[in-house]
Amino acid sequence: MKKLIRIHSIRKSIIANLIAIFIVLNAPIYLMNVYMNSQIEQSILQRTTGSISLNASYFLKSFETEIERIDNLKNEYLNSEDFLKLANEGPFMDSYSRGELILSVKDKLHILKTSSPFVQDVKVYFPSLNRGVFASSYENSMPEEDIERIAQSYLHNSMLYELGTSLALGGVYPVPLGRNNLVYSMEVVLSGETIRHMLKEIGGIDPLKDGAAILYDPEMNWTISGCTEAAYCSELEEYPIMVGKGVTAGSYGSIDIADTRLRIIEETSQSKGIRLMVAIPENVMTGVLQRYNNMYYVILIASLILILLFSYSIYRLVHRPFKQLLAGLRRIELGDYDVVLSTRKGDEFSIVYRQFNSMAMRIKVLIQEVFEHKIRLQTAKLKQLQSQINPHFLYNSYYAIYRLAQQHDVEKVADYTRFLGDYFKYITRNASDVVPLAEEMKHAEAYIRIQMLRFSNRIRTDIDPIPSSFERIYVPKLILQPIVENAYVHGLGAKLEGGLVRMAFDNGEKHLSIVIEDNGELDDRTLQELCERLARTNDDPSKETTGVINVHKRLQLRFGKSFGLAAERSKLGGLKIAILLPGDDATDKRTKPKREETDECIPS
């Protein structure tokens, strides 16, 4: 153990020295690279920020000019002769003339709609006609909230106001608007999709394709965002209203949102109060510089590899023999005792290797001897326990035939001997100690048939079918019949009528439980004694045991201590025995899943 600790300390000191050499050799280069990258990064950020600022300023001025043009056309339409005529004379016109005038107004609205890609729809509401006229449809109803929204925009003197996911411009006639003198109102609905598309194009050219632009008005509290896919979009859209007031044109800074460092550029329309914010991830702006950093890291790693190779060539004559010895010890720890280390002639490791090989061979021989002794002992116990069951049942069978013969019931004697012949045929035709569970079940049913001929007037037996998935599980012979026999003889032996024996199967996830219970008489002391005998593991195998204990010991020898029998009081009133078997791995007695809590032997 001391040698292993010493080897480990040698390896740690070598690794520590290599790291120290690497840091000393590369620290000046690394520090110089960090300083140069910092300077270049600031230069790139400043140049890129200036370019984005010019682009944002151009877009904002273009948008402002287009909105002013649309607003001027709207104001001209508000004073249009057709609008006034339809509002004042429309109610008194005949249907044809009024329809012609409505179509004329609709054509004007359509011209305004097609004059700009920013316009999505134009609506005019005439209170005297109690209807509206739309550029994009033939609808004529206009909700009251739409009229109120237009009036409020006039009262708040706002050119643009929020409308759903877009913006709108409103106007009324006459001006000023009194309490009840509205002649008609007009609303120009802007295309939110068009605005967002243009916002996405601000910084949409590589390497700024990941940028985001937001148009907003801090006074009217509306925003339109061109950011849809980035992880920081939702938080970024809340940022303008929180910090937008007091921002000057052309200002910029950096913020951290959703683990992303963003460069923020702000532009403000002095006449309209509209503001444009552009956010670009700084790692995108410095993408070219990042490629140079990656090249530097590659060189750094390559230098480390060269140092490691050079150092390895120096110390491998000492380190490799120790590494091979450690590998051999780990294999022995995992149970591989066939490991053999090749000896090295002419050095000190040859003696260590020879001693190691001798030790591994000796351990392997000792394990084989102990394992073989254990297997032979278990086989002897299995044979001994198996031999105790057959005479026990044979004695009971002949005694039952004797009783039937005394009663001169020839038919039952014939049936009894036929079932008895099938029963012993099963025992003698196969010398194997293990059989499929389906065959063991048929053998138990033959025994039950024999007992039903004896106790048909006072005992009834209910048997559930065996689950098909467990029919081929191999189990020791004669594990079911002794348990059933115990129920008949000891559980219901004194019951003159109404006796019941029930056999059921509980198909668990990794095990099978065969439950055999009766409604006989059972006192707590008897149950407690049975539980204690089942729990004991150091019984003398040479002493005579009952059929129940016999089956329990054989199952534990076959499958392990986690399996066997569990006893408790049945809900029927008598004894309940659960035979615990493993599932698909039943043929491998090394399989030992944990026992369920319901299998504990607890008297009720």
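Everything numeric in this text was worked out from a predicted model, so none of it was measured.

**Structural notes on the nonpolar core**
And step 1. Counting residues in each nonpolar core, the largest one holds 55 residues, and the members touching the most others are Ile-514, Leu-565 and Ile-579.
And step 2. Of all the elements, helix H11 (residues 437-455) adds the most residues to this core, at eight residues.
And step 3. By size, the runner-up hydrophobic cluster in this structure holds 47 residues, among which are Leu-60, Leu-169, Ile-202 and Ala-213.

**Overview of the confidence of the model for the protein**
And step 1. Summing up the model confidence of the protein, the mean pLDDT is 76 and the portion of residues at 70 or higher is 77%.
And step 2. Predicted confidence for residues 244-250 stays below pLDDT 50, and this span has 18 contacts to residues more than four positions away or in other chains.

**Details of the sheet that holds strand E12 (residues 459-463)**
And step 1. A sheet is described by the order of its strands in space; here five strands give the open sequence E12-E14-E15-E17-E16, paired in mixed fashion. With one partner strand each, in any of the chains shown, E12 and strand E16 (564-569) form the two edges of the open sheet. Pairwise comparison of adjacent strand axes, ignoring direction, gives a mean angle of 15° for this sheet.
And step 2. By the bridge criterion, seven bridges tie strand E14 (residues 499-507) to strand E15 (residues 511-518) in an arrangement that is antiparallel. In the sheet register, Met-503 faces E15, and the bridge partner there is Ile-516.
And step 3. Against the sheet, helix H13 (residues 524-535) engages E16 and strand E17 (575-582), with an angle of about 160° to E16.

**Comments concerning the sheet that holds strand E2 (residues 131-134)**
And step 1. An order of E2-E1-E5-E4-E3 is seen for the five strands of this open sheet, with the pairing classed as antiparallel. Of all strands in the sheet, those with a lone pairing partner are E2 and strand E3 (160-163), marking the two edges. Taken over all neighbouring pairs, the strand axes of this sheet differ in orientation by 30° on average, direction set aside.
And step 2. Pairing analysis gives four bridges linking E3 to strand E4 (residues 166-173), with the strands arranged antiparallel. If you follow Tyr-161 over to E4, its bridge partner there is Ala-168.

**Here's the deal with the pattern of salt bridges**
Side-chain pairs of opposite charge can arise whenever the charged atoms involved come near each other.
And step 1. This structure, assessed with the given rule, holds ten salt bridges.
And step 2. Note that Arg-149 is salt-bridged to Asp-146, the shortest N-O span being 3.0 Å. Highlighted residues: Arg-149 and Asp-146, both in helix H4 (residues 144-155), separated by three residues, approximately one helical turn. For the pair formed by Arg-149 and Asp-146, the shared burial category is buried.
And step 3. Here Arg-331 and Asp-336 are joined by a salt bridge, their closest N and O atoms 2.7 Å apart.

**Observations regarding a nonpolar patch on the surface**
And step 1. Together, Tyr-30, Leu-31, Val-34 and Tyr-297 line one region of the surface with nonpolar side chains, adding up to about 390 Å² of accessible area.
And step 2. With three residues, helix H1 (residues 2-78) is the largest single contributor of residues to the nonpolar patch.
And step 3. Relative to the assigned elements, Val-34 resides in helix H1.

**Some points on the packing of H13 against helix H14 (residues 547-559)**
And step 1. Viewed as axis vectors pointing N to C, H13 and H14 meet at an angle of 30°, and their least axial separation amounts to 10 Å. As summarised for this structure, H13 and H14 are arranged roughly parallel, according to the angle between their axes. Classified by chirality, the crossing of H14 by H13 is right-handed. Contact residues: H13 offers Leu-530, Arg-533 and Leu-534, while H14 offers Val-548, Ile-549, His-552 and Lys-553.
And step 2. The class makeup of the residues in the contact of H13 with H14 is four nonpolar, one polar and two charged.

**What about the environment of Gly-493?**
And step 1. Among the structural elements, Gly-493 can be located in the loop between helix H12 (481-491) and E14.
And step 2. If near-sequence neighbours (up to four positions away) are discounted, Gly-493 is found in contact with Arg-458 and Tyr-488.

**What to know about H14**
And step 1. Here H14 is 13 residues long and its end C-alpha atoms lie 18 Å apart, about the 18 Å a rise of 1.5 Å per residue gives.
And step 2. For H14, the tally of buried residues reaches twelve of 13 residues, placing the bulk of the element in the interior.
And step 3. The complete set of buried residues in H14 reads Val-548, Ile-549, Asn-550, Val-551, His-552, Lys-553, Arg-554, Leu-555, Gln-556, Leu-557, Arg-558 and Phe-559.
And step 4. Two residues or fewer past H14, Gly-560 is found with a positive phi of approximately 115°.

Procedures and definitions
Note that residues are indexed from 1 along each chain, following the sequence as it is written. The model is predicted, so local features are restricted to residues of pLDDT at least 70 and side-chain atom pairs to those at 80 or more, both for listing and for counting; the totals for chains, interfaces and linings are taken over all residues. Hydrogen atoms and water are omitted, and side-chain values are computed over all heavy atoms in the structure. For this analysis, a nonpolar core means a set of buried residues of the types Ala, Val, Leu, Ile, Met, Phe, Trp, Tyr and Cys, connected via side-chain atoms within 4.5 Å. Note on exposure labels: buried denotes an accessible area under 20% of the residue type's maximum, exposed denotes more than 50%, and partly exposed covers the range between, all computed with a 1.4 Å probe on protein chains only. Numbering goes from the N terminus for both helices and strands, where a helix is a DSSP run of H or I of at least four residues and a strand is a run of E of at least two. Values of pLDDT, ranging from 0 to 100, describe the predictor's confidence in every residue of the model. The contact criterion used throughout is that any non-hydrogen atoms of two residues lie within 4.5 Å. Two strands pair if DSSP finds at least two bridges between them. Axis lines are fitted through C-alpha atoms, for helices just across the contact stretch, and the angle between N-to-C directions can take any value from 0 to 180 degrees. We define a salt bridge as a contact between a side-chain nitrogen of Lys or Arg and a carboxyl oxygen of Asp or Glu at a distance within 4 Å. Residues enter a patch when their relative accessible area is above 30% and they make no salt bridge; the linking distance is 9 Å between like charges and 5 Å between nonpolar side chains (Val, Leu, Ile, Met, Phe, Trp, Tyr). Where accessible areas are quoted, they stem from the Shrake-Rupley method and a 1.4 Å probe; at the residue level, only the protein chains shown are allowed to cover. Put simply, angles under 35 degrees are roughly parallel, angles over 145 are roughly antiparallel, angles from 65 to 115 are roughly perpendicular, and the rest are oblique. Two helices cross in a left-handed way if the nearer one is turned anticlockwise from the farther one by less than a right angle. They cross in a right-handed way if the turn is clockwise. Gly counts as polar in this scheme, as do all residues outside two lists: the nonpolar Ala, Val, Leu, Ile, Met, Phe, Trp, Tyr, Cys and Pro, and the charged Asp, Glu, Lys and Arg. The span you would expect from a helix comes to 1.5 Å times its residue count less one.

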